[in-house]
Structure formats: structure tokens, C-alpha cells
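Architecture at a glance
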Amino acid sequence: MSLVKAGVVVLDCAEPEKLAEFYRELLDGERVSASANLVEVRGADGVRLAFRRDVNATPPSWPRPENSLQAHLDFLVEDLDEAERRVVGLGGRPIETRDAAGPYEERGYADPAGHSFTLRLLPPTAPKQG
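Summarised in this report is the structure supplied together with it.

Rules used in this analysis
Residues numbered from 1 in each chain as written. Predicted model: local features only at pLDDT ≥ 70, side-chain atom pairs only at ≥ 80, totals over all residues. Heavy atoms only, no water. Pairing = 2+ DSSP bridges. Helix = DSSP H or I, 4+ residues; strand = E, 2+ residues; numbered from the N terminus. Axes fitted to C-alpha atoms, helices over the stretch in contact; angles between N-to-C directions. Contact = heavy atoms within 4.5 Å. Core = buried A, V, L, I, M, F, W, Y, C linked by side-chain atoms within 4.5 Å. Buried < 20%, exposed > 50% of the residue type's maximum accessible area, 1.4 Å probe, protein only. 1 Å grid on protein atoms, 1.4 Å probe; cavity = no way out; pocket = protein on both sides within 12 Å on 5 of 7 lines; lining within 4 Å. Points joined across faces, edges and corners; volume = space filled by probe spheres on them. Nonpolar A, V, L, I, M, F, W, Y, C, P; charged D, E, K, R; others polar. Salt bridge = Lys/Arg side-chain N within 4 Å of Asp/Glu carboxyl O.

Re the pairing of strand β4 (residues 48-53)
Examined bridge by bridge, strand β1 (residues 9-13) and β4 share 5 bridges and lie parallel to one another. Counterpart to Val10 in the pairing with β4 is Ala50. Note that strand β3 (residues 38-42) and β4 share 5 bridges and pair antiparallel. In the sheet register, Glu40 faces β4, and the bridge partner there is Ala50.

Focus: the sheet that holds strand β2 (residues 30-34)
Overall, mixed pairing links the 4 strands, which are arranged β1-β4-β3-β2 in an open sheet. Single-partner strands in this sheet number two, and they are β1 and β2. Sheet twist, expressed as the average angle between the axes of neighbouring strands with direction ignored, equals 25 degrees. In terms of strand pairing, β2 meets β3 through 4 bridges, oriented antiparallel. Looking across to β3, one finds that Ala34 is bridged to Val39. The strands touched by helix α1 (residues 16-26) are β1, β2, β3 and β4; relative to β4, the strand with the most contacts, the crossing angle is about 160 degrees.

What to know about the nonpolar core
Core analysis: the biggest nonpolar cluster contains 21 residues, and Tyr23, Leu49, Phe51, Phe75, Phe117 and Leu119 have the highest contact counts within it. Elements supplying a minimum of two residues to this core: β1, α1, β3, β4, β5 (73-77), α2 (80-89) and β8 (116-121). When residues in this core are grouped by element, the largest group, 5 residues, is from α1. Non-local contacts of Phe117, meaning those with residues more than four positions away in its chain, are made with Phe22, Tyr23, Leu26, His72, Leu73, Phe75, Val87, Arg107, Gly108, Tyr109, Ala110 and Asp111.

Some points on the layout of surface pockets
Rolled over the atoms, a probe as big as a water molecule pinpoints where empty space is left. Of the pockets and cavities examined, the largest pocket occupies roughly 470 Å³. Around the largest pocket, the lining comprises 16 residues; the ones closest to its centre are Leu26, Leu27, Asp28, Leu76 and Val77. Mapped by element, the contributors of at least two residues to the lining of the largest pocket are β5 and α2. In terms of residue count, the dominant contributor to the lining of the largest pocket is β5 (4 residues). In terms of lining, the second largest pocket is formed by 14 residues, of which the most central are Cys13, Ala14, Pro112, Ala113 and His115. Elements supplying a minimum of two residues to the lining of the second largest pocket: β1 and α1. Looking at side-chain class alone, the lining of the second largest pocket contains 9 nonpolar, 2 polar and 3 charged residues.

Here we look at the pattern of salt bridges
Evaluation of the coordinates by the stated rule reveals 11 salt bridges. With a shortest N-O distance of 3.3 Å, Lys18 and Glu15 are connected by a salt bridge. Its relative accessible area of 57% is what places Lys18 among the exposed residues. Via salt bridges that share partners, Glu21, Arg24 and Glu25 belong to a single interconnected network.

Everything listed is a geometric property; what it means functionally is a separate question.
As C-alpha cells, then:
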């Protein structure tokens, strides 16, 4: 029997309620728990994120070579343009707008609290040959 039942990525921020709402909307998810200092959401596909209150939180800066150990989130999407419109409409902002050529097309964004994340195009799936 597994000791660990689930993993949750926790982001520190000054206003966890607002940031949780951004990700709940982005992920078509639901708010699953909330306390005075922590709000958790679960996306439609099961991804779990929590947001912990830190009144002294400052937005990370990316890319910043002297601080390369920052974590960021990747979200897989079928349409980068549509996903970008949704992110911006919810209060996120682009931080890397170039399209990377090749099988891993992606774009970088910051959420309303400044955490970076990437929208990555799902690679096309083709049936196996032979």
C-alpha cells in the first residue's frame, strides 16, 4: 500500500484566494478546500494546486540566470492562441511570446502573482504504422 496518496504543488502568494480562482478558471476545476492561509484547487484532469498565504511574497523573476532553480508549471493545450486568450482574460500576462519551432511549441506566461508557467502544444498523435 502506498504511503503517499497524492501530490500537491503549493505556490506561495500574498492573496491565495485570488490566485486559486485564476487557476480554478484556467483548469476548469473546483475549489476543494480552503482555510485562512491555504486554498486548494483540483483541475478537471485531476491536477492539484494549492496557494499558501505569505504576506511578504514577492513575484519571481524569470528568466533570471542567477536564480535558475525556480519551479514553474507546464500546461498542455491543443490550441496555443485560444489558451493565451484565456490566460490573458483571467489576468495572466505573456512573458515569452516567441513560438518555439518544432514538436514542442510553447509560450511562457506569469500568473497574477508573478509565478511563471508554460503553455505547451500537445504534439499531434498519429496511429502506429506497421
